Amino acid sequence: MLLEINDLVVEVNGKRILNGVDLYIGKGETHVLLGPNGAGKSTLFLTILGFPEYKVVRGEILFKGKDITNLNTTERAKMGIGVAFQNPPAIRGVRLIDLLKIESGCSLDEKLDPKIYRFATKLKFNKDFLSRDVNLGFSGGEMKRSEILQLLAQNPEFIMLDEPDSGVDIENVEILAEMINKLLEKDKKPSKRKKAGLIITHLGYILNFVKAEIAHVLLDGKIVCSGCPDEILEDIRKEGFEGCKKCYET
Ligand SMILES: Nc1ncnc2c1ncn2[C@@H]1O[C@H](COP(=O)(O)OP(=O)(O)OP(=O)(O)O)[C@@H](O)[C@H]1O
């Protein structure tokens, strides 16, 4: 198992947000996290990343068999956990190219790996763009592509994507999806893949391009249903999350 979460209870500012989450993700798997606004999806991501304001009051998170519940975010990132944020912050004074160098493990006076330049070109970024401050004045689509480029530079084993397709036009979704498939090693046979992913999506559009094996529905901080993404999405489209709630309660 690459990621194992047992009975995770999390509070933010004294408010309970996650209420006993169990989640198991093996190498080669891509999982989807569905749930209404405010269910706790981003909270789960930020807790897996180890953001200090997300207090684990019960349960544990294991990554590659090691208990990481008390590790800080840098240690977790070094172990191979990466994320593309829904709304990443602008970082004035830090150029994207320098962040990419750090994320790919080289020093600022070294040249950026030509492979990362090739990924940047694929994602429609030129050298001038890479010299801009991170996310400062980036369009919504540029921000999403920049997040994926940073993940390609970091090359993590476990990849979390928070709504990678929201606000992205069709042409750019296809480019993003191609790079996400690369990150998740979808070109390899499942048994040969070393990576895994967890994708938050509201409408499931990205799943037309990035195949996922399992979807989970998070309601009020608890996973209430897991199964085939297409089937679960179809039910949600028909009956909304109210349908999930009723199904769970009966
Ligand atoms: N730092 C914080 N301080 C206070 N409340 C917070 C904080 N972070 C999250 N919350 C609350 O936790 C709840 C879950 O938020 P979260 O962002 O995890 O939901 P979500 O499922 O990702 O929602 P969405 O689909 O709208 O992005 C919300 O009620 C939110 O206001």
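Residues numbered from 1 in each chain as written. Predicted model: local features only at pLDDT ≥ 70, side-chain atom pairs only at ≥ 80, totals over all residues.

Visitor: Describe the sheet that holds strand 4 (residues 54-63), naming the residues involved and giving the relevant values.
Guide: Note: strands within a sheet are paired through backbone hydrogen bonds, in either parallel or antiparallel orientation. Spatial ordering of the open sheet is given by 2-1-4-5, a layout of four strands whose pairing is antiparallel. Strands with a single pairing partner mark the edges of an open sheet, and in this sheet they are strand 2 (15-25) and strand 5 (66-67). With eight bridges joining them, strand 1 (residues 3-12) and strand 2 adopt antiparallel strand pairing. Bridge pairing links Glu4 to Tyr24 in strand 2. (Pairing = 2+ DSSP bridges. Helix = DSSP H or I, 4+ residues; strand = E, 2+ residues; numbered from the N terminus.)

Visitor: Explain the site of the ligand to me, and be specific about the residues and the numbers.
Guide: Surveying the vicinity of the ligand reveals 13 residues, the closest of which are Asn37, Ala39, Lys41, Ser42 and Thr43. Secondary structure elements with two or more residues in the shell around the ligand: strand 2 and helix 1 (41-49). When residues of the shell around the ligand are assigned to their parent elements, the largest contribution, three residues, is made by helix 1. (Near = placed C-beta within 6 Å.)

Visitor: Lay out the packing of helix 4 (residues 114-122) against helix 6 (residues 140-154) with the relevant residues and their values.
Guide: Two measures define how a pair of helices packs: the angle their axes make with one another and the distance between the axes. Here helix 4 crosses helix 6 at 160 degrees, and the two axes come no closer than 10 Å. As the angle between them shows, helix 4 and helix 6 are arranged roughly antiparallel. Along this stretch, helix 4 crosses helix 6, giving a crossing that reads as right-handed. Within the contact between the two elements, helix 4 uses Ile116, Phe119 and Ala120 and helix 6 uses Leu149, Leu152 and Ala153. Class assignment of the residues belonging to the contact of helix 4 with helix 6 gives a composition of six nonpolar, no polar and no charged. (Axes fitted to C-alpha atoms, helices over the stretch in contact; angles between N-to-C directions. Parallel < 35°, antiparallel > 145°, perpendicular 65-115°, else oblique. Left-handed = near helix turned anticlockwise from the far one by under 90°. Contact = placed C-beta atoms within 7 Å. Nonpolar A, V, L, I, M, F, W, Y, C, P; charged D, E, K, R; others polar.)

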